[in-house]
Each structure stands twice: as C-alpha cells, then as structure tokens.
Amino acid sequence: MPKGPKGPQGFVYEFTRKEFAYLLFKKKICPKCGGRMTKNKYCEIVNGSRFQHRTDGPKLSLYDVKHYYYTYTCEECGTEFELSQLVK
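Overview of the structure. These numbers were taken from a predicted model, which means no experiment stands behind them. (Residues numbered from 1 in each chain as written. Predicted model: local features only at pLDDT ≥ 70, side-chain atom pairs only at ≥ 80, totals over all residues. Heavy atoms only, no water.)

We now examine the environment of Thr79. Relative to the helices and strands, Thr79 is located in the loop between strand 3 (64-74) and strand 4 (80-82). The sequence separation of Thr79 and Cys30 amounts to 49 residues, and the corresponding C-alpha distance is 8.4 Å. Those residues within four positions of Thr79 in sequence are excluded, and the remaining contacts are Lys32, Tyr72, Thr73 and Cys74. (Helix = DSSP H or I, 4+ residues; strand = E, 2+ residues; numbered from the N terminus. Contact = heavy atoms within 4.5 Å.)

Evaluation of the coordinates by the stated rule reveals seven aromatic pairs. Taking the centre distance of 5.2 Å and the plane angle of 20° together, the rings of Tyr13 and Tyr68 count as stacked. Of this pair, Tyr13 sits in strand 1 (residues 11-13) while Tyr68 sits in strand 3, and the two are 55 residues apart along the sequence. Overall, the relative accessible area of 34% leaves Tyr13 in the partly exposed class. Ring centres 5.7 Å apart and planes at 40° place the aromatic pair Phe15 and Phe20 in the tilted group. For Phe15, a relative accessible area of 30% corresponds to the partly exposed category. For Phe20, a relative accessible area of 41% translates into the label partly exposed. (Phe/Tyr/Trp six-rings, centres within 6.5 Å; stacked < 30°, edge-to-face > 60°. Buried < 20%, exposed > 50% of the residue type's maximum accessible area, 1.4 Å probe, protein only.)

With that settled, consider the pairing of strand 3. With respect to burial, strand 3 is a largely interior element, nine of its 11 residues being buried. As judged from the three bridges shared by strand 1 and strand 3, these two strands associate in the parallel manner. Following the sheet pairing, Val12 is matched in strand 3 by His67. Relative to strand 3, strand 2 (residues 37-47) runs antiparallel, the two sharing 11 bridges. Each bridged residue has a counterpart across the sheet, and for Tyr42 the counterpart in strand 3 is Tyr69. Strand direction decides the pairing type here: strand 3 and strand 4, joined by three bridges, are antiparallel. Paired with Tyr72 across the strands is Phe81, a residue of strand 4. Between strand 3 and strand 4, which pair antiparallel in sequence order, lie five residues; one of them, Gly78, sits at a positive phi of approximately 80°. (Pairing = 2+ DSSP bridges.)

These values are about where atoms sit, not about what they do.
As structure tokens, then:
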C-alpha cells in the first residue's frame, strides 16, 4: 500500500448526529452506576478506502489515514463504553 512522504495522509472522525450531540452537550454519567465518566481518545491507522464515499472526492483509497474515535470510562465502576453505546 503506497504511503505519502510523511506517513498517513489524512484523518477521519466518524459520528452520527446523536453521537456528535452526546460528545458535545450531554452530561457524561455512567448508565450502569451513575458515576462520572472520563473521555478517552484513540487513534488507529487504516486504509482510506474504508471512508471513500464519493467518487469525485480525493482518492483516499490510495493512502493510509488516521481514524480517531472516543470511548468513555466510568471512574466509579471502571466500565468502558463506546460512544455508540451511550446514545442508545
């Protein structure tokens, strides 16, 4: 797989509208015990073809991109939740 001169050639955040609203505005309370939760940000390097949605856009499929995603961990019980689990 070809890489650009400096490694990954872009970055991607992937949210639904509900997930984005939760990330920005909702109070982060554990659904299991009611404790406070902390945000954790992770990054993985993936092939850009996973995120190629338009045929007239840049050719991300040729390069690796950084995919950022968030999880939340309860400070009380230690349970980790993905953002998609918290908006249900």
